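Analysis of the macromolecular model
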There are 2 protein chains.
Amino acid sequence: MNNPILVEVLRGSLVESRHRGAVAVADADGGTVLALGDVTTPIFPRSAVKALQALPLVETGAADAFGFGDEELALACASHSGEPGHVTGVTRMLAKAGLDATALRCGAHWPMAQPAVAALARATGEPSALHNNCSGKHSGFLCVACAKGIDHTDYWRPQHPVQREVRAVLENLTGAALSDDRRAIDGCSVPTWAIPLQNLAHAFAKFATGRCLAPERARAAARLRAACAQKPWHVAGTGRFCTEIMQLFGARVFVKTGAEGIYCGALPEQGLGIAIKCDDGAGRAAQAVMAAIIARFLPLSDAERTALERFVHPTLRNWNSFEIGALRVTAAI
Amino acid sequence: MNNPILVEVLRGSLVESRHRGAVAVADADGGTVLALGDVTTPIFPRSAVKALQALPLVETGAADAFGFGDEELALACASHSGEPGHVTGVTRMLAKAGLDATALRCGAHWPMAQPAVAALARATGEPSALHNNCSGKHSGFLCVACAKGIDHTDYWRPQHPVQREVRAVLENLTGAALSDDRRAIDGCSVPTWAIPLQNLAHAFAKFATGRCLAPERARAAARLRAACAQKPWHVAGTGRFCTEIMQLFGARVFVKTGAEGIYCGALPEQGLGIAIKCDDGAGRAAQAVMAAIIARFLPLSDAERTALERFVHPTLRNWNSFEIGALRVTAAI
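Here's a quick rundown of the structure. Owing to the predicted nature of the structure, the values given are computational and were not obtained by experimental measurement. (Residues numbered from 1 in each chain as written. Chains lettered and ligands numbered in written order. Predicted model: local features only at pLDDT ≥ 70, side-chain atom pairs only at ≥ 80, totals over all residues. Heavy atoms only, no water.)

Describing the overall build of chain A
When its secondary structure is counted, chain A shows 14 helices and 12 strands. Here chain A has a C-alpha radius of gyration of 19 Å; the compact-globule value for 333 residues is 20 Å, and the two agree. Within chain A, the proportion of its 333 residues that are buried is 61%. Long-range contacts, defined here as pairs at least 24 residues apart, represent 64% of the contacts in chain A between residues at least 6 apart. (Helix = DSSP H or I, 4+ residues; strand = E, 2+ residues; numbered from the N terminus. Rg over C-alpha atoms; globule rule 2.2 N^0.38 Å. Buried < 20%, exposed > 50% of the residue type's maximum accessible area, 1.4 Å probe, protein only. Contact = heavy atoms within 4.5 Å.)

Regarding the packing of helix α9 (residues 197–209) of chain A against helix α10 (residues 215–230) of chain A
All names here are of chain A. Across the interface, α9 lies against α10 with an axial gap of 7 Å and an inter-helix angle of 85 degrees. Of the possible angle classes, the one that applies to α9 and α10 is roughly perpendicular. Along the contact surface, α9 presents F207, A208 and T209, while α10 presents A221, L224 and R225. Residues of the contact of α9 with α10, tallied by class, amount to four nonpolar, one polar and one charged. (Axes fitted to C-alpha atoms, helices over the stretch in contact; angles between N-to-C directions. Parallel < 35°, antiparallel > 145°, perpendicular 65-115°, else oblique. Nonpolar A, V, L, I, M, F, W, Y, C, P; charged D, E, K, R; others polar.)

Here's the deal with the relation of the copies chain A and chain B
The operation relating chain A to chain B is a screw motion whose rotation component is 180 degrees, with 0.0 Å of axial translation and a residual RMSD of 0.0 Å. With respect to symmetry, the two chain copies, as superposed, fit the operation of a two-fold axis. Interface overlap between copies: 100% of the residues of chain A at the interface are likewise at the interface in chain B, consistent with a symmetric, same-surface contact. (Least-squares fit on C-alpha atoms with pLDDT ≥ 70 in both.)

What to know about helix α5 (residues 84–96) of chain B
Residues and elements named next belong to chain B. For α5, with 13 residues, the first-to-last C-alpha span of 18 Å sits near the 18 Å given by 1.5 Å per residue. All of the buried residues along α5 are H86, V87, G89, V90, M93 and L94. Down the axis of α5, the smallest arc covering the buried residues is 165 degrees, so these residues share one side. Looking at the buried side of α5, the elements it contacts are α4 (70–76), α7 (135–148) and α11 (232–235). Of the residues one or two after α5, G98 is the one with positive phi, at around 75 degrees. (Expected span 1.5 Å × (residues − 1). Arc of directions from axis to C-beta.)

Topic: the state of the cysteines
Residue and element names in this part refer to chain B. With the rule as written, the count across this model stands at zero disulfides over all chains. Here C143 is not disulfide-linked; the sulfur of C146 is the nearest cysteine sulfur, at 6.3 Å. You can call C143 buried: its relative accessible area is 0%. (Disulfide = S-S within 2.5 Å.)

Quick look at the pairing of strand β9 (residues 262–267) of chain B
All names here are of chain B. Burial analysis of β9 places six of its six residues in the buried class, the great majority of the element. Because side chains alternate across β9, one face comprises the buried residues I262, C264 and A266, and the other comprises Y263, G265 and L267, equally buried. Between strand β8 (residues 254–258) and the antiparallel strand that follows it, β9, lie three residues; E260 among them carries a positive phi value of about 65 degrees. When β9 meets strand β10 (residues 272–278), the two strands line up antiparallel, connected through six bridges. Directly across from I262, in β10, lies its bridge partner K277. In sequence, β9 turns back onto β10 through a hairpin of four residues, with G271 there showing a positive phi of about 70 degrees. (Pairing = 2+ DSSP bridges.)

A look at the side chain of R11 of chain B
Summarising the element assignment, R11 of chain B is placed in strand β1 (residues 5–11). If we skip the residues at most four places from it in the chain, R11 of chain B touches F44, R46, A184, I185, D186, G187 and T192 of chain A together with E16, I324 and G325 of chain B.

Some remarks on helix α12 (residues 241–249) of chain A
Residues and elements named next belong to chain A. Buried within α12 are the following residues: F241, C242, T243, I245, M246 and F249. Looking at the packing, one finds that the buried side of α12 touches α10, α11 (232–235), β8 (254–258), β9 (262–267), α13 (283–297) and α14 (302–312). Remark: G250 follows α12 within two positions and exhibits a positive phi of approximately 60 degrees.

Some details on the interface of chain A and chain B
Between chain A and chain B, the residue contacts involve 51 residues of the former and 51 residues of the latter. Buried surface at the junction of chain A and chain B, summed over both partners, amounts to about 4,000 Å²; 50% is from carbon and sulfur atoms. Looking only at chain A, the three residues that lose the most surface to chain B are R11, E16 and W319 of chain A, adding up to 16% of its buried area. If you look at where chain A meets chain B, you find six salt bridges. The residue R46 of chain A makes a salt bridge to E16 of chain B at a minimum N-O spacing of 3.1 Å. (Buried area = accessible area lost by both parts, 1.4 Å probe. Salt bridge = Lys/Arg side-chain N within 4 Å of Asp/Glu carboxyl O.)

Here it is as structure tokens:
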């Protein structure tokens, strides 16, 4: 099917580019609140499900065993920008489990933001696995293995007990059968399973409310949500959408980006889960759509609506800061 | 109309993302050789027409007056990576006209490639307008003003004689009327005019062959093409598609990227011009489509076909260099 155009990119008065995609909003019982476009074909949620992948870290008692607080738990759910505070936090997570950066198998990459690249280049020269945006998630996986006394060497492989447990958690929350023919390799080398948007939205409604979850899993979800609400900078970084939205709304909104135009999120007070995929993988469009969905389903004060507007209809500026265009969420939403 | 899906992004065995777009291939007489999708709605060609914008630099005699060689002319056509050799070259262009970086009005940005960002951060600390990918084009505009003895202060504004001349050149080559309601502001602040893909393809066929152009314009086009073929690194930079394709094919292929999923190009021996726009602005898709169009219309040796294959069907690797997927140009092309 042809997914609808969700976002138009304006330059001057003309549409320069357009982004198609699909959106699912669901409640914890699996009821469909909104289904735009194809919400039934499995798609790779990528990093948007990191908070679900972090549930075993809390449920197994590993987080308590190593004395993790909100910063560590937020980092376990993060696609962080590799800023110094993120690197320090991940280093601390590993140290609490008796490990260091040599245990990480996520690969190294330069930080996402060019100022962070420049700062790193000036300070230490080269990026390490600690700077990888997934290093907090990987540290969480390592801590689960260490707390259980399992060899952590191959913690990233699909057959490792940690990844098997993550897969079981994803199946439990999404209700989707994650067969091997739906499995691919993520940017940081752990498995990523293709899951329909409607199942992802359902999973995040359960994550947001604890409904239809075992009591320990519901408590773990609440603790991870509280950690992200308390430490949103650790979930992403300076100027990032996930960080700024959760700074704005606190525990009322959970949002998490994934590569290739994915956003997942939840509105706990409304009992709703949200899953968005842009066909073309564009993050700029997925985040404008997420902002529009929040504006549609979350009761907002006038001040909040005004604050959210710059995410729904971001102004585009050029290298001289001239206003050259805007993103416009379409009437489809 | 719905443009066709031109490129699919595979992760493992599943399609993760997809890119729609339109393609026009034309000859110098305006004959349509290929029209896929909507080739008649005006789109912003952005930096893909820099070689056309550079024609006045040669035609007016400014390039000769300042003793420009292939490197300077290639830089005038470039979206360069801000590597040291690019910055040195642009500095030299400006110096030959008695100017320096303070005359540039393109704005400053960090180089595109993170290694170049890191190198710059280690060396000098901050980017200047010289590092802007458009600094060579802007230097060309400044040189036209200087050679003509015109005040160059506002060289970037639509009303300035240099931009009026650029507009006339674009109208002459594309055959499109560039009314003000089709004008927007480019990333570097000069005007960008929306032009249909079929007109852009026609323009590049004329640029490639000199047919239907005044003799001085045809000579200027040939000189710019020769400069880009001789110095393809100056047109883009290390590891960039434009550079690698022109290194591979020399004067047989001209290609130039533009922001928001644009590629323009030409096959001079075949007398063909090419214009590509991905609906969503994705450069990765536009360049795979350009590679596929070259493979379709340019006679290739077996070795050349093999060398081109990695651009038509690029393998995607993650931070550990594991092969995780591929780009696949669809049967539409």
